[in-house]
Amino acid sequence: MIDPIAAAAFEALLARRGGDLLLMIDRDLRIVRAGPEAASLAERDEPSIIGMSLIAAFGSAAFDAVARHAVTLGEAVAGEADLGHLGARHFAVDAVPLAGGGVVLSLHDITALRRMERVRRDFVANISHELRTPLTSIKLLAETVSSGSVDDPATMRDFASQVEREADHLAQLVDELLDLSMIESGETALSLEPLDPEAIVADCVIRIGPVAERRKVHIVRRPPSSTEVRALADPNRLGQALLNLAHNAVKYSHLGGEVRIGWEALEDRVRFTVADDGIGVSEAHQARIFERFYKVDRSRARTRDAEQLGGSAGLGLAIVRHIAEAHHGAVGLVSEEGLGSTFWIEVPSAF
Ligand SMILES: Nc1ncnc2c1ncn2[C@@H]1O[C@H](COP(=O)(O)OP(=O)(O)OP(=O)(O)O)[C@@H](O)[C@H]1O
Ligand SMILES: [Mg+2]
């Protein structure tokens, strides 16, 4: 039996509490009263959950243990449990025993918090790795020179240019990270204006020119589908996104390949496309390559070819995705491994 005063207090709490899920159980761990959210977490309705044991209703041993502990100890116990469909949601659980027997259980959803913690841990691990690799090279090269074991000027020059390349790589990485964190935090306000898609493409073709030349890749402008349309976008950000796509297309092309840059008008959007006939992306990787630090082939990403084009951090596409999302647009690709890829970014049209 639950003390009537405690039961009334629980009802008052249930009526007031917004965020957290509440349950009341008796000393045998059977549910006496449950709020609607708690019932739906157990994938049942309110009446049918009453009288069920905690373990039968929620199927979580961890949840059951917290409640059991509170009953046996007669004092408040805190814990955590995975609940909901397939245990997909993570909760902080507080079990508070009542004077006349029974326990009040309060559940606070910390799924998002845990996910953010994991993302941050991964981020720190990735960034440390990306910073350490060029730093290790620089340190080794410097050590070799300072130990006096290299004395011919040609080798010395070669070492110096390797240090320079690694330093450039580090600088690029820092720039990309700053960009990404600014776009992600929404700190960079977009200055939207109607833009001529032709001008955006022309600008990109000019900017990618020197990089393409080094890889002997031909840049081709695809003819426009119409001349009337304007894109509603931030010229710098959209330009940066398209350049990132073009940069990838060149980097992952075969020597002497062709990259086609163009645009088309869709119903209420403008889609910019960058197509290459390079290495392509297998279906298994397509869903993930827009994540930050994601690279299809880590060893390939550090080949000499890639190095000459500024290394590879796996941040470029994450930046493109964020730019697209900031415009309420989208990104995507069509690709076949070994045959090539077409990446696209869409932004709203102005009219
Ligand atoms: N056009 C493409 N063809 C084949 N693979 C690609 C292409 N573009 C991207 N990828 C794959 O997607 C991964 C992620 O691309 P992203 O631009 O984010 O990083 P990155 O080019 O490796 O490094 P960064 O752009 O930070 O210098 C690449 O490492 C590559 O494996
Ligand atoms: Mg890239």
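The structure we're discussing is the one just above.
It should be emphasised that the depicted structure is a prediction, and the values quoted were computed from it without experimental measurement.

**Q** Hey, could you go over the site of ligand 1 for me, with residue numbers and the actual values?
**A** Around ligand 1, a shell composed of 23 residues is seen, among which Asn248, Asp276, Ser312, Leu315 and Leu317 lie nearest. Glutamate 176 is positioned with one of its side-chain polar atoms (N or O) 2.9 Å from an oxygen atom of ligand 1. Within the side chain of lysine 251, one N or O atom sits 3.1 Å away from an oxygen atom of ligand 1. Breaking the shell around ligand 1 down by element, the ones donating at least two residues are α7 (153-184), α9 (235-251), α13 (316-326) and β12 (340-348). Take the shell around ligand 1: its biggest share by element is three residues, from α9.

**Q** Help me get a handle on the packing of α9 against α13, residues and values and all.
**A** A pair of packed helices is captured by two measures, namely the crossing angle of their axes and the spacing between those axes. At a minimum axis distance of 9 Å, the contact between α9 and α13 shows a crossing angle of 145°. Handedness of the crossing formed by α9 with α13: left-handed. Listed contacts from α13 to Arg237, Leu238, Gln240, Ala241, Asn244, Leu245 and Asn248 of α9 are Gly316, Leu317, Ile319, Val320 and Ile323. Here the residues of the contact of α9 with α13 sort into seven nonpolar, four polar and one charged.

**Q** Pulling in residues and values, what's your account of the packing of aromatic side chains?
**A** This structure, assessed with the given rule, holds three aromatic pairs. With centroids separated by 5.6 Å and ring planes inclined at 55°, the aromatic side chains of phenylalanine 123 and phenylalanine 293 adopt a geometry described as tilted. One end of the pair, phenylalanine 123, is in helix α6 (residues 111-146); the other, phenylalanine 293, is in the loop between α10 (283-286) and α11 (298-301), with 170 residues separating them in the sequence. Judged by relative accessible area, which is 3%, phenylalanine 293 ranks as buried. Relative to phenylalanine 343, the ring of phenylalanine 290 lies with its centre 6.3 Å away and its plane at 65°, an arrangement referred to as edge-to-face. Highlighted residues: phenylalanine 290 in the loop between α10 and α11 and phenylalanine 343 in strand β12, separated in sequence by 53 residues. Judged by its relative accessible area of 9%, phenylalanine 343 is buried. Above the plane of the ring of tryptophan 344 lies arginine 271, whose end atom (NZ or CZ) is 3.9 Å from the centre.

**Q** Would you mind going over the sheet that holds strand β1 (residues 21-25) in detail, with residue names and values included?
**A** Here five strands make up an open sheet; going across it, the order is β2-β1-β5-β4-β3 and the pairing antiparallel. Single-partner strands in this sheet number two, and they are β2 (31-34) and β3 (77-83). Across the sheet, the mean angle from the axis of one strand to that of its neighbour is 25°, orientation sign disregarded. As paired strands, β3 and strand β4 (residues 89-97) are joined by seven bridges and run antiparallel to one another. Counterpart to leucine 83 in the pairing with β4 is arginine 89. Against the sheet, helix α5 (residues 61-73) engages β1, β3, β4 and β5 (103-109), with an angle of about 160° to β3.

**Q** Go over the packing of α7 against α13 with me, naming the residues and quoting the values.
**A** Interaxial distance between α7 and α13 falls to 10 Å at its minimum, and their mutual angle equals 25°. On the basis of their axis angle, the class for α7 and α13 is roughly parallel. The chirality of how α7 crosses α13 is left-handed. Counting all contacts with α7, which are made through Glu176, Asp179, Leu180, Ile183 and Glu184, the residues of α13 involved are Gly316, Ala318, Ile319, His322 and Ile323.

**Q** Describe the pairing of β1, and please don't skip the residues or the numbers.
**A** For β1, a buried count of five out of five residues is recorded, marking the element as mostly surrounded by other parts of the structure. Where burial is concerned, the two faces of β1 agree: the one with Leu21, Leu23 and Ile25 and the one with Leu22 and Met24 are both buried. Relative to β2, β1 runs antiparallel, the two sharing three bridges. Each bridged residue has a counterpart across the sheet, and for methionine 24 the counterpart in β2 is arginine 33. Connecting the antiparallel pair β1 and β2 is a turn made up of five residues, with leucine 29 showing a positive phi of about 60°.

Cut-offs used in this document
- Residues numbered from 1 in each chain as written.
- Chains lettered and ligands numbered in written order.
- Predicted model: local features only at pLDDT ≥ 70, side-chain atom pairs only at ≥ 80, totals over all residues.
- Heavy atoms only, no water.
- Near = heavy atom within 4 Å.
- Polar contact = N/O pair within 3.5 Å; in protein donor to acceptor, adjacent residues only side chain to side chain.
- Helix = DSSP H or I, 4+ residues; strand = E, 2+ residues; numbered from the N terminus.
- Axes fitted to C-alpha atoms, helices over the stretch in contact; angles between N-to-C directions.
- Left-handed = near helix turned anticlockwise from the far one by under 90°.
- Contact = heavy atoms within 4.5 Å.
- Nonpolar A, V, L, I, M, F, W, Y, C, P; charged D, E, K, R; others polar.
- Phe/Tyr/Trp six-rings, centres within 6.5 Å; stacked < 30°, edge-to-face > 60°.
- Buried < 20%, exposed > 50% of the residue type's maximum accessible area, 1.4 Å probe, protein only.
- Lys NZ or Arg CZ within 6 Å of the ring centre and 35° of its normal.
- Pairing = 2+ DSSP bridges.
- Parallel < 35°, antiparallel > 145°, perpendicular 65-115°, else oblique.

Don't take any of this as a statement about function, it's just geometry.
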